[in-house]
Amino acid sequence: MSAPSVEAFWVDDHANPYPSYDRLRADALVPHLLDDVPVTLITRYEECAEVLTGADWGHGYAEGISPFRDTVAAIPGSFVRMDPPEHGRLRGLVNKAFTPRTVADMVPLAQSVVDELVTEGLRRGEIDVLTGLAVPLAVAMIPGRLLGAPVADGPLFRKWQLAIARGSDPDHLLGPADIAARSAAAQECLAYFHGLITAKRADPTPDLLSELIAVEQAGDQLAEREILGLCVLLLVAGMETSINLIGNGMLALLRNPDQLALLRERPELMASAIDEMLRYDAPTQFTIRVALADTTVGGHRFKRGDGVVVLTASASRDPLVYPNADTFDITRYDGKHPARRHLGFSLGLHYCVGAPLARIEAEAAFRALLDRAPELSLATETVEYQPSLIHRGILSLPVRLS
Ligand code: HEM
């Protein structure tokens, strides 16, 4: 096996990476160079699931064994790249914001935001599902509702999270301008949230950020720099992904009119349709892990400190696990078929903590569009993807509503 360059299969096929993933899956494990570091791409479902749920796998920054760029050093508190016990301490603190009950309380807000935006779109006969619906919805729910920040600062949040999300790609794929934008966004964002924390210390509000400040004030469980990192993590992990679920999902429905018609006919399929969107065209295409001990996966030996790229978007199209894996089928997760869980929200310890919130945002957006617009059609010939590899999302999706 020789190490292919990343350009050979991701960058050239950026608009549609799935045929490249198909070719890669000929081998379950593919050697690869990422930022000049030799890593292994894990291409198939079984091996991806094994790594994501395996006790021998994690991130290894605390032990200094990770071959990957240390994002935890850049953003303290970013528990998505931490191992136990630190991971559990921080995840436990934000978990309560995402219980089914807390998230259910956010449904009316999501619905009212979406209704207003769709009403406006109906007046014009057109809506941009990205910039005119998914982005303002995510701003209202994440910085707005969770962190208690003013939604009028939406353009700033979008600018920062886009720059940081783009910056999470391997450095050798980024230009100097991307790297500069990533650092500037992180600094501005940290300074912004420092100001917000100071304001909330004096005047707490009913949101997760004020609760985190109360934990910090109660003792030595949480430091302010960690709260700042949590704000950045929630902003980036929450906004970019939930926006792209709505964009990628709407595009899949528009390109598969039989599935769109079926969803109108059988609205009870909404939850299954959202899972299928996450399987078929996932907002997060891959993640990384590091062997924390000498171990094996798929019969291949890994040494402590070896890095892997877990290609979850490829695993979710693995024909060994999914019949007709390239078909968008909104009944796949209706409970009547034995469909394997998709990897769109990952698996194991780092399974997406915000998944219930992502689902209510997407459901509110799709219900409003389907219920209130009797005709939906693409108002553009071309769909342009963001340059990011890890995050798959389109920049704009104008749709006619009548
Ligand atoms: C469709 C939308 C979403 C997708 C596709 C998504 C995807 C993911 C994935 C794949 C991971 C795991 C990464 C890994 O295993 O390395 C993850 C973790 C995480 N997500 Fe999401 N996410 C979404 C929405 C959200 C939302 C709305 C929030 C919060 C507001 C959020 C916050 C997080 C956090 C904090 C983690 C870290 C969990 C941990 O490490 O324990 N996500 N997400």
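Residues numbered from 1 in each chain as written. Predicted model: local features only at pLDDT ≥ 70, side-chain atom pairs only at ≥ 80, totals over all residues. Heavy atoms only, no water.

An order of S1-S2-S8-S5-S3 is seen for the 5 strands of this open sheet, with the pairing classed as mixed. Every other strand in the sheet has two partners, leaving strand S1 (29-34) and strand S3 (57-58) as the edge strands with one partner each. Where strand S2 (residues 37-42) meets strand S8 (residues 307-310), 3 bridges bridge the pair, whose relative direction is parallel. Paired with Ile 42 across the bridge in S8 is Val 310. Sheet strands in contact with helix H3 (residues 45-53) are S2, S3, strand S5 (287-291) and S8, and its direction is about 120° off that of S8. (Pairing = 2+ DSSP bridges. Helix = DSSP H or I, 4+ residues; strand = E, 2+ residues; numbered from the N terminus. Contact = heavy atoms within 4.5 Å. Axes fitted to C-alpha atoms, helices over the stretch in contact; angles between N-to-C directions.)

In this section: the coordination of the iron atom of the ligand. Protein coordination of the iron atom of the ligand rests on one atom only, Cys 352 (SG), at 2.3 Å. Inspection of the secondary structure assignment puts Cys 352 in the loop between helix H15 (312-315) and helix H16 (355-372). (Donors = N, O, S within 2.8 Å, 3.2 Å for Na, K, Ca; no water.)

Take the packing of helix H14 (residues 270-280) against H16 next. Packing of H14 against H16 leaves a shortest axis separation of 10 Å and a crossing angle of 110°. When the interaxial angle is binned, H14 and H16 end up roughly perpendicular. As H14 runs across H16, the sense of the crossing is right-handed. Judged by residue contacts, Met 270, Ile 274, Asp 275 and Met 277 of H14 engage Arg 359, Ala 362, Glu 363, Phe 366 and Arg 367 from H16. Tallied by class, residues from the contact of H14 with H16 come to 5 nonpolar, no polar and 4 charged. (Parallel < 35°, antiparallel > 145°, perpendicular 65-115°, else oblique. Left-handed = near helix turned anticlockwise from the far one by under 90°. Nonpolar A, V, L, I, M, F, W, Y, C, P; charged D, E, K, R; others polar.)

What follows concerns the sheet that holds strand S9 (residues 377-378). Strands sit in the order S4-S10-S9 across an open sheet of 3 strands; the sheet is antiparallel. The sheet terminates laterally at strand S4 (126-128) and S9, the two strands that pair on one side only. Examined bridge by bridge, S9 and strand S10 (residues 398-400) share 2 bridges and lie antiparallel to one another. For Leu 378, the partnering residue across the bridge sits in S10 and is Val 399.

With that settled, consider the side chain of Arg 317. By the secondary structure assignment, Arg 317 is in the loop between H15 and H16. A relative accessible area of 6% means that Arg 317 is categorised as buried. Here the side chain of Arg 317 touches Asp 326 through a polar contact of 2.8 Å, side chain to side chain. Those residues in contact with Arg 317 that sit more than four places away from it in its chain are Tyr 18, Arg 25, Arg 279, Tyr 280, Ala 325 and Asp 326. (Buried < 20%, exposed > 50% of the residue type's maximum accessible area, 1.4 Å probe, protein only. Polar contact = N/O pair within 3.5 Å; in protein donor to acceptor, adjacent residues only side chain to side chain.)

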